Amino acid sequence: GGDPANLPPNVADWSRYLGPGVDAAPYGMPSEHEAQVVRRSVEWLTASRESSINFTPLHELDGIITPNGLCFERHHGGVAEMNPTDYRLMINGLVDKPLIFTLEDLKRFPRVNRLYFLECAANSGMEWRGAQLNGCQFTHGMVHCVMYTGVPLKYLLEEAGLKTNAKWIMPEGGDAAGMNRSVPIEKALDDCIVAFKMNGEALRPEQGYPARLVVPGWEGNMWVKWLRRIEVGDMPWHAREETSKYTDLLEGGKARRFTWVMDAKSVITSPSPQAPILHAKGATVLTGLAWSGNGRITRVDVTLDGGKNWHEARIDGPSLPKALHRFYFEFDWDGSELLLQSRAHDETGYVQPTKDALRAVRGTNSIYHNNGIQTWYVKADGGVENVEIS
Ligand code: MTE
Ligand code: CO
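Computed from a predicted structure; not experimentally measured. (Residues numbered from 1 in each chain as written. Chains lettered and ligands numbered in written order. Predicted model: local features only at pLDDT ≥ 70, side-chain atom pairs only at ≥ 80, totals over all residues. Heavy atoms only, no water.)

## What about the packing of aromatic side chains?
Applying the stated criterion across every chain yields a total of 10 aromatic pairs. Seen in terms of ring centroids, Trp168 and Trp260 are 6.0 Å apart; in terms of plane orientation they differ by 65 degrees. Their pairing is edge-to-face. Note that Trp168 is positioned in strand E8 (residues 168-173) and Trp260 in the loop between strand E15 (255-256) and strand E16 (265-270), a separation of 92 residues in sequence. Here the aromatic residues Trp168, Trp218, Phe258 and Trp260 are joined through ring pairs into a cluster of three or more. (Phe/Tyr/Trp six-rings, centres within 6.5 Å; stacked < 30°, edge-to-face > 60°. Helix = DSSP H or I, 4+ residues; strand = E, 2+ residues; numbered from the N terminus.)

Given below as structure tokens:
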């Protein structure tokens, strides 16, 4: 394709005239030719302000960092429009001295920079009973990975002074949902962060501006946005988001609860239904993402024939614990149909299960924690579909 007037040996249009100067875009935007790279919602999924969700366009991205404007959003009461000068974070409950911090107070504590993925426990939830949505944006797009800057929660809790019977914390949001969760004190003191920056700039309003809780490797629901209060207690609170929601109903009617860690998972982002093969047979780049809430990804296997033969993919870029990993597999496509799958291994020795193996232990009542292996069916014309094989 292309306009012959712009192609060699002609002088392209953009080489003939001066372009806009530096003041044209004080805050830069992507090229107008990338307008299709956007978050998307699914019509039949809830898209009201009481409960809304959109998805990261994983099929359009590369590397391991999600651009701020493309991080999927999940709100239980819409975006709280917080004013940073009126922002307060209160710590109360089982502490020696209850405290209220301003944003400026938070910025006077030593801070850290950490790259972490955030995955909603409901990611891939629509696929529990079978292949449904045609695109990794929709099947796997409730994940993002950014560099957070913030204060280790430990420093703030130490400043307030924990009582000896302090066993749990309850972070609470300042949004209309007042969303809250119970987090065990061990996790709070281990690697949780009160973050105010993502990828170097202020959090975006939709990600919890001006401050959110970061709970590395654990389900996204616990990463309370617009963080206004942390209560310290001796027992979990059994709030809505950990009883009626974010528990996993098993076949026999029992529910798993406190299923915090996001187990190892992976997905091929290209080729995929929204990223078909558009070129002829020959050199083809397969790429995807892998992640584990239990640490680093040590290996990713890919198959082109639905699991008959597995090949080790090439992980490229930083391999950081509880962060996205980027993998590639370069192959010569012979133009025949393919059944693509990827399988992640993490540093604990855990191997990503098949969807059937997952259903055998969890049944199909659940919405949450579906980390089963995804299959893409590549047709001879290069088109790709979401399928399941057994
Ligand atoms: N925090 C508050 N205060 N309100 C919310 O609705 N949604 C939670 C969590 N924190 C939510 C919240 C859920 S379910 C997820 S998956 C993550 O935020 C999503 O974070 P993101 O919008 O930055 O992707
Ligand atoms: Co969620």
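## Brief notes about the side chain of Gln207
Its place among the elements puts Gln207 in the loop between strand E11 (201-202) and strand E12 (212-214). Apart from the residues within four sequence positions on either side, Gln207 is in contact with Arg39, Asn68, Cys71, Phe72, Glu73, His144, Met198, Arg212 and Lys225. (Contact = heavy atoms within 4.5 Å.)

## A short note on helix H5 (residues 355-362)
Every buried residue of H5 is accounted for by Lys355, Leu358, Arg359 and Arg362. For H5, the buried positions fall inside an angular range of 100 degrees around the axis, keeping them on one side. Away from the buried face of H5 by more than 90 degrees, exposed residues Ala360 and Val361 are located. (Buried < 20%, exposed > 50% of the residue type's maximum accessible area, 1.4 Å probe, protein only. Arc of directions from axis to C-beta.)

## A few points about the site of ligand 1
Taken together, 21 residues form the shell around ligand 1, and within it Phe72, His76, Asp175, Arg212 and Lys225 come nearest. Measuring from an oxygen atom of ligand 1, one finds a side-chain N or O atom of His144 at 2.8 Å. At a separation of 2.5 Å, an oxygen atom of ligand 1 approaches a polar side-chain atom of Lys225. Relative to its unbound accessible surface of 530 Å², ligand 1 loses 100% to contact with the protein. In the shell around ligand 1, the residues fall into 8 nonpolar, 7 polar and 6 charged. (Near = heavy atom within 4 Å. Polar contact = N/O pair within 3.5 Å; in protein donor to acceptor, adjacent residues only side chain to side chain. Areas by Shrake-Rupley, 256 points an atom, 1.4 Å probe, with all protein chains shown as cover. Nonpolar A, V, L, I, M, F, W, Y, C, P; charged D, E, K, R; others polar.)

## Quick notes on the sheet that holds strand E13 (residues 227-233)
With mixed pairing, the 5 strands of this open sheet are ordered in space as E5-E4-E13-E8-E9. Either end of the sheet is taken by a strand with one partner, and the two such strands are strand E5 (99-101) and strand E9 (183-184). As judged from the 2 bridges shared by E8 and E9, these two strands associate in the antiparallel manner. Each residue of the ladder has a partner; that of Trp168, found in E9, is Pro184. (Pairing = 2+ DSSP bridges.)

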